[in-house]
Amino acid sequence: AQSVTQPDIHITVSEGASLELRCNYSYGATPYLFWYVQSPGQGLQLLLKYFSGDTLVQGIKGFEAEFKRSQSSFNLRKPSVHWSDAAEYFCAVGVYNFNKFYFGSGTKLNVKP
Amino acid sequence: DAMVIQNPRYQVTQFGKPVTLSCSQTLNHNVMYWYQQKSSQAPKLLFHYYDKDFNNEADTPDNFQSRRPNTSFCFLDIRSPGLGDAAMYLCATSRDKAGQPQHFGDGTRLSIL
């Protein structure tokens, strides 16, 4: 069965520090992988996606993520966090041909001044 | 701008009183989804339409129904809301089958009195 695990429920980093949010997935075939960000009271905004090809993908707002097949991971990174990055981040796996997304449980990011 | 629009942003209804949430899209996407998201949880897929084909998730309660009268609009009907149905309801669209990113509206927060 497909699943997505985000092992960190809450993360706090200082403004200007680097960030890595972890995501592991379980899926039998090559997955379609996504990261979304959700600010309080709002919908989800797509940060980046991986379909195939280069395993390091660039997204909006200075985020990037690296697909590592051997580790079944798709971790999100940002070299220098801004206070406006405080939000909840969801990793998701898209299952081809079944119109389904499987979301992780989310990681809440707090940014200290 | 092309987008997914959900109305209203906030909805209050009484226990047992039917309520309808609406979603419209200007993206001309084939697939429309409804998710339920409770506090600090991942979005949970309720059902989706691929064009006119309705696909219900196995664990979606019968209390939840949906209509898609045309490509642009999709409605979520809750026939007899219970206290446990208080949540954020998110509408999303995707161009085609999974592998395509989903585009989310800002959600409707439903409260039950």
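Residues numbered from 1 in each chain as written. Chains lettered and ligands numbered in written order. Predicted model: local features only at pLDDT ≥ 70, side-chain atom pairs only at ≥ 80, totals over all residues. Heavy atoms only, no water.

What follows concerns the environment of R95(B). Residues and elements named next belong to chain B. Mapping R95 onto the fold places it in the loop between strand 9 (87-94) and strand 10 (103-104). Considered as a pair, R95 and D85 are 10 residues apart in the sequence and their alpha carbons are 29 Å apart. Those residues within four positions of R95 in sequence are excluded, and the remaining contacts are H29, N30 and Q100. (Helix = DSSP H or I, 4+ residues; strand = E, 2+ residues; numbered from the N terminus. Contact = heavy atoms within 4.5 Å.)

Time to look at the interface of chain B and chain A. When the parts come together, some accessible area is lost, and that loss is often what is quoted as the size of the interface. With 25 residues of chain B at the interface, the matching set in chain A holds 24 residues. Counting each side, the surface lost to burial between chain B and chain A is near 1800 Å², with a carbon and sulfur contribution of 55%. At the boundary of chain B and chain A, one finds zero salt bridges. Connecting chain B to chain A are five residue pairs in polar contact (both at pLDDT 80 or more). Considering every element that reaches the side of chain B that touches chain A, the biggest residue donor is strand 4 (residues 31-37) of chain B, with four residues. Here the side of chain B that touches chain A is built from residues that sort into 12 nonpolar, eight polar and five charged. (Buried area = accessible area lost by both parts, 1.4 Å probe. Salt bridge = Lys/Arg side-chain N within 4 Å of Asp/Glu carboxyl O. Polar contact = N/O pair within 3.5 Å; in protein donor to acceptor, adjacent residues only side chain to side chain. Nonpolar A, V, L, I, M, F, W, Y, C, P; charged D, E, K, R; others polar.)

The next point concerns the state of the cysteines. Tallying each qualifying case throughout the model produces two disulfides over all chains. Each sulfur of the disulfide joining C23(A) and C91(A) lies 2.0 Å from the other. Where C23(A) bonds to C91(A) through sulfur, the torsion about that S-S bond is close to -65°, and the disulfide is left-handed. With C23(A) in the loop between strand 3 (19-21) and strand 4 (24-26) and C91(A) in strand 10 (residues 87-95), this residue pair connects regions lying 68 residues apart in the sequence. Assessed through its relative accessible area of 0%, C23(A) is described here as buried. Residue C91(A) is classed as buried on the basis of its relative accessible area, which comes to 0%. The disulfide bridge from C23(B) ends at C91(B), spanning 1.9 Å between sulfur atoms. Its torsion about the S-S bond being -70°, the disulfide of C23(B) and C91(B) is classed as left-handed. On the criterion of sequence distance, the pair formed by C23(B) in strand 3 (residues 19-25) and C91(B) in strand 9 is long-range, its members being 68 residues apart. (Disulfide = S-S within 2.5 Å. Buried < 20%, exposed > 50% of the residue type's maximum accessible area, 1.4 Å probe, protein only.)

Residues and elements named next belong to chain A. With 26 residues, the main nonpolar core has L19, W35, L47, L48, F74, L76 and Y89 as its most contacted residues. Residue assignment for this core shows that the elements contributing at least two residues are strand 2 (10-14), strand 3, strand 5 (32-38), strand 6 (44-50), strand 8 (64-68), strand 9 (73-78), strand 10 and strand 12 (107-112). Ranked by residue count, the leading element in this core is strand 10, at four residues. Discounting residues that sit within four places of it in the chain, L48 has contacts with L33, F34, W35, V57, Q58, G59, F63, E64, A65, F74 and L76. (Core = buried A, V, L, I, M, F, W, Y, C linked by side-chain atoms within 4.5 Å.)

Turning next to the environment of T13(B). All names here are of chain B. Within the secondary structure layout, T13 lies in strand 2 (residues 10-13). Between the C-alpha atom of T13 and that of K44, which follows or precedes it by 31 residues, the distance is 21 Å. Every residue in contact with T13, bar those within four places of it in the chain, is listed here: P18, V19, P81, L110, S111, I112 and L113.

All names here are of chain A. Where strand 5 and strand 6 come together, six bridges link them in antiparallel fashion. Following the sheet pairing, Q38 is matched in strand 6 by L44. Counted along the chain from strand 5 to the antiparallel partner strand 6, the turn is five residues long, and its residue G41 has a positive phi close to 75°. (Pairing = 2+ DSSP bridges.)

With that out of the way, let us pick up the pattern of salt bridges. In this structure the tally under the stated criterion is six salt bridges over all chains. A salt bridge links R77(A) to E64(A), with the shortest nitrogen-to-oxygen separation between them at 3.2 Å. Here E64(A) lies in strand 8 and R77(A) lies in strand 9, a separation of 13 residues in the sequence. We classify R77(A) as partly exposed; its relative accessible area is 24%. Notably, a salt bridge pairs D77(B) with R67(B), separated by 2.7 Å at the nearest N-O pair. Taken together, the residues span a long stretch of sequence, with D77(B) in strand 8 (residues 73-78) and R67(B) in strand 7 (residues 64-67) at a distance of 10 residues. One connected set of salt bridges, linked through shared partners, spans E64(A), E66(A) and R77(A).

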